Amino acid sequence: MAILITGGCGYIGSHTAIEMTKAGYEIVILDNFYNSKPEALRRLRELAGREIPFYKCDIRDAEGLRRIFSENSIEAVVHFAGLKAVGESVSKPLEYYENNVGGTVNLCQVMAEADCKRMVFSSSATVYGMNNPSPLREEMPTGAVTNPYGRTKYIIEEILGDVCKADPEWTVINLRYFNPIGAHESGRIGEDPNGIPNNLMPYISQVAIGKLEKLSVFGNDYDTHDGTGVRDYIHVVDLALGHVRALDYAMKHKGAEAINLGTGTGYSVLDIIKAFEDANSVPVPYQIVGRRPGDIAVCYSDPSKAERLLGWKAERTIRDMCRDSWRWQSNNPNGFDS
Ligand code: NAD
Ligand code: UD1
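To keep things clear, this report deals only with the structure shown in the data block. (Residues numbered from 1 in each chain as written. Chains lettered and ligands numbered in written order. Predicted model: local features only at pLDDT ≥ 70, side-chain atom pairs only at ≥ 80, totals over all residues. Heavy atoms only, no water.)

1. Comments concerning the overall build of the protein
Formally: The helix and strand labels rest on DSSP assignments: H or I over at least four residues marks a helix, E over at least two residues marks a strand, and numbering proceeds from the N terminus. Note that the radius of gyration is over C-alpha atoms, with the globule rule given as 2.2 Å times the number of residues to the power 0.38. Relative accessibility under 20% of the residue-type maximum defines a buried residue, over 50% an exposed one, and the middle range a partly exposed one, all with a 1.4 Å probe and only protein chains included.
Of the regular secondary structure elements, the protein holds eleven helices and 14 strands. In summary, the protein has a C-alpha radius of gyration of 19 Å against a globular reference of 20 Å for 338 residues, a match within 12%. Taken along the three principal axes of its C-alpha coordinates, the protein extends 55 × 40 × 40 Å. For the protein, with 338 residues in total, the buried portion stands at 54%.

2. Focus: the site of ligand 2
Defined as follows: Note on definitions. A residue lies near a molecule or strand when any single heavy atom of the residue is within 4 Å of it. For the purposes of these results, a polar contact is taken to be a pair of N or O atoms within 3.5 Å, where, inside protein, one atom must be able to donate a hydrogen and its partner to accept one; residues adjacent in sequence count only when each atom of the pair is a side-chain atom. Note on areas: these come from Shrake-Rupley sampling with a 1.4 Å probe, and a residue is covered only by the protein chains present in the view. Residue polarity is assigned by list, with Asp, Glu, Lys and Arg as charged and Ala, Val, Leu, Ile, Met, Phe, Trp, Tyr, Cys and Pro as nonpolar; anything else, Gly included, falls into the polar class.
Around ligand 2 sit 18 residues in total, of which Leu 200, Ser 216, Arg 231, Arg 292 and Asp 295 are the nearest. A distance of 2.9 Å separates an oxygen atom of ligand 2 from a polar atom in the backbone of Phe 218. With respect to ligand 2, the side chain of Arg 231 contributes an N or O atom lying 2.6 Å from an oxygen atom. About the coverage of ligand 2: the protein hides 87% of its 740 Å² of free accessible area. Considering each element in turn, the shell around ligand 2 owes the most residues, four residues, to strand S8 (residues 215–218). For the shell around ligand 2, the residue count by class is eight nonpolar, seven polar and three charged.

3. Some remarks on helix H1 (residues 11–22)
Selection criterion: Expected span, for any helix, means 1.5 Å times one less than how many residues it has.
Taking 1.5 Å of rise per residue, twelve residues should cover 16 Å, and H1 covers 18 Å from first to last C-alpha, within 8% of that figure. Extensive coverage of H1 is indicated by the burial of eleven of its twelve residues. The complete set of buried residues in H1 reads Tyr 11, Ile 12, Gly 13, Ser 14, His 15, Thr 16, Ala 17, Ile 18, Glu 19, Met 20 and Thr 21. Just downstream of H1, Gly 24 is the residue with a positive phi angle, here 100°.

4. Topic: the site of ligand 1
Surrounding ligand 1, one finds 28 residues, the nearest of these being Ile 12, Asp 31, Asn 35, Ser 36 and Lys 84. The backbone of Ile 59 places a nitrogen or oxygen atom 3.0 Å from a nitrogen atom of ligand 1. Its free accessible area being 810 Å², ligand 1 has 95% of it covered by the protein chains. Broken down by secondary-structure element, the contributors of at least two residues to the shell around ligand 1 are H1, strand S2 (27–31), strand S5 (118–124) and helix H6 (148–166).

5. So, the side chain of Ser 268
In plain terms, the rule: We call two residues in contact whenever any of their non-hydrogen atoms come within 4.5 Å of each other.
Within the secondary structure, Ser 268 sits in strand S12 (residues 267–268). Ignoring any residue separated from it by four or fewer positions in sequence, one finds Ser 268 in contact with His 225, Asp 226, Thr 228, Gly 229 and Val 230.

6. Comments concerning the nonpolar core
This is how it is decided: By nonpolar core is meant a set of buried Ala, Val, Leu, Ile, Met, Phe, Trp, Tyr and Cys residues that side-chain atoms within 4.5 Å join together.
Counting 42 residues, the largest nonpolar core has Ile 3, Met 20, Ile 27, Ile 29, Ile 173, Leu 175 and Leu 247 as the members making the most contacts within it. No other element matches the eight residues that helix H8 (residues 236–250) contributes to this core. If we skip the residues at most four places from it in the chain, Ile 173 touches Met 119, Val 120, Phe 121, Ala 246, Tyr 249, Ala 250, Glu 257 and Ile 259. Judged by nonpolar contacts, the second largest core, of 27 residues, contains Leu 4, Tyr 55, Cys 57 and Ala 81.

7. A closer look at the packing of helix H7 (residues 200–208) against helix H11 (residues 318–331)
As a reminder, the rule being used: Between N-to-C directions, angles cover 0 to 180 degrees, with each direction set by a line fitted to C-alpha atoms, over the stretch in contact for helices. Should an angle lie under 35 degrees it is considered roughly parallel, over 145 roughly antiparallel, and from 65 to 115 roughly perpendicular; all remaining angles are considered oblique. Definitions for this section: a left-handed crossing has its near helix turned counterclockwise from the far helix by less than a right angle. A right-handed crossing has that turn clockwise.
At a minimum axis distance of 10 Å, the contact between H7 and H11 shows a crossing angle of 55°. If you check the angle between H7 and H11, you find them oblique. Where H7 crosses over H11, the two elements pack in a sense that is right-handed. Residue-level inspection shows Met 201, Ser 205, Gln 206 and Ala 208 of H7 in contact with H11, the latter providing Cys 322, Ser 325, Trp 326 and Gln 329. For the contact of H7 with H11, the per-class residue count stands at four nonpolar, four polar and no charged.

8. Looking at the sheet that holds strand S9 (residues 230–231)
As a reminder of what qualifies: Two strands are counted as paired when DSSP detects at least two bridges linking them.
Taken in spatial order, the three strands line up as S12-S9-S14 in an open sheet, and their pairing is mixed. Here the strands that pair on one side only, and so sit at the sheet edges, are S12 and strand S14 (298–299). Bridge count for S9 against S14 is two bridges, and the pairing is parallel. Looking at the pairing, Arg 231 lines up with Cys 299 of S14.

9. Notes on the pattern of salt bridges
Test applied: For this document, the term salt bridge refers to a Lys or Arg side-chain nitrogen within 4 Å of an Asp or Glu carboxyl oxygen.
In this structure the tally under the stated criterion is 29 salt bridges. Between Glu 257 and Lys 305 there is a salt bridge, and its shortest N-O distance comes to 2.9 Å. In this pair, Glu 257 is assigned in strand S11 (residues 255–261) and Lys 305 in helix H10 (residues 304–310), connecting sequence segments 48 residues apart. Given the relative accessible area of 24%, Glu 257 is considered partly exposed. For Lys 305, a relative accessible area of 13% puts it in the buried group. Taken together, the shared-partner salt bridges in this structure form one network comprising Glu 39, Arg 42, Arg 43, Glu 46 and Arg 188.

10. So, the packing of H1 against H8
Relative placement of two packed helices is described by the angle separating their axes and the distance separating the axes. Closest axis-to-axis distance for the H1/H8 pair is 8 Å, and the angle between their directions is 60°. Relative to H8, H1 is oriented oblique. The handedness of the crossing between H1 and H8 is right-handed. Here Tyr 11, Ile 12, His 15, Thr 16, Glu 19 and Met 20 of H1 lie close against H8, whose contacting residues are Val 236, Val 237, Leu 239, Ala 240, Leu 241, His 243, Val 244 and Leu 247. Here the contact of H1 with H8 is composed, by residue class, of ten nonpolar, three polar and one charged.

What follows is the structure, encoded as structure tokens:
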């Protein structure tokens, strides 16, 4: 029996593939390389120490998926494949709905045909929207999202809930990630964004290495301890381990469950700059600019449900996250092209 990982060559999928292999799961990876590279697959196989089966396939391709299910005995799917750029989703909403929502519906249909009815899904803290106060808890209302990317995550959670209601054989764990950063401690795999990064940590790393001149801090007039935005940053390896625990849980339970994966602690943008400089002894020049439209002041999790249900809690510190992000960036200045 094996676990299918969709989007397994991407940032979070590649780290999860290694931790799942280490935990003893047989895995099969699917990716269309839209936002990842064959070199990531080569390196994750190297780190896992084995020849992991791989299919270059799109989740919208039903025939391609049927082939994977017929050639392997798949008992569960860990579903990462999807588009994730918030800004791009505003200008290309149909691509996001087709890929994320359409692709997931297609995947579930093929899973049901193959009688595989267990899924761990990559959702996001973005489903909590703008109106809930932190710490964010799973039972809070979702859906007041401000962009098409976030809406795809909300819609998919709703669809998967309906699937579980219609057929009690289904199990779905919607993992709501907070802000994944960091990299594998080997420095061999990490986040490799295309073009100029949108997210904070890859931007800081590229400033530190001299590819970008300085960081723009988006606003210092929020109601936070230093005026800059506060987020719940989580090490990608802790996040990967959360998937292993969620999969263990999904093997024994039925129905749909939403679970936060965060640390429960919020750090500001200035806290992160300082932690990065301290951990790595490199300067991160920055300037304060206006707020980024759509940003909220504070977003962090209540992670207690994950601890209660999965027996999981994040262990790596902000210093670990900064050190590992920098090791990946400095060893691979051009990402997987270096
Ligand atoms: P990523 O882009 O690095 O990985 C996604 C992978 O899916 C890529 O390798 C891409 O090539 C593949 N893919 C995309 N569309 C596909 C399709 N139609 N068929 C097959 N493969 C396809 O992103 P990531 O950061 O690893 O995120 C993984 C998942 O977690 C995504 O669903 C994302 O929305 C979600 N998520 C990410 C974050 C974050 O901050 N990184 C936060 C919350 C949720
Ligand atoms: C963003 C997305 C969210 C997605 C998440 C992870 C938005 C509105 N939200 O969240 O849906 O799940 O990324 O991919 O885009 N910052 C700067 N300068 C920068 C970059 C960021 O000051 O150059 C600040 C931001 O204002 C924020 C913090 O750093 O306060 C974190 O930003 P980012 O890494 O983009 O994540 P989120 O905004 O939390």
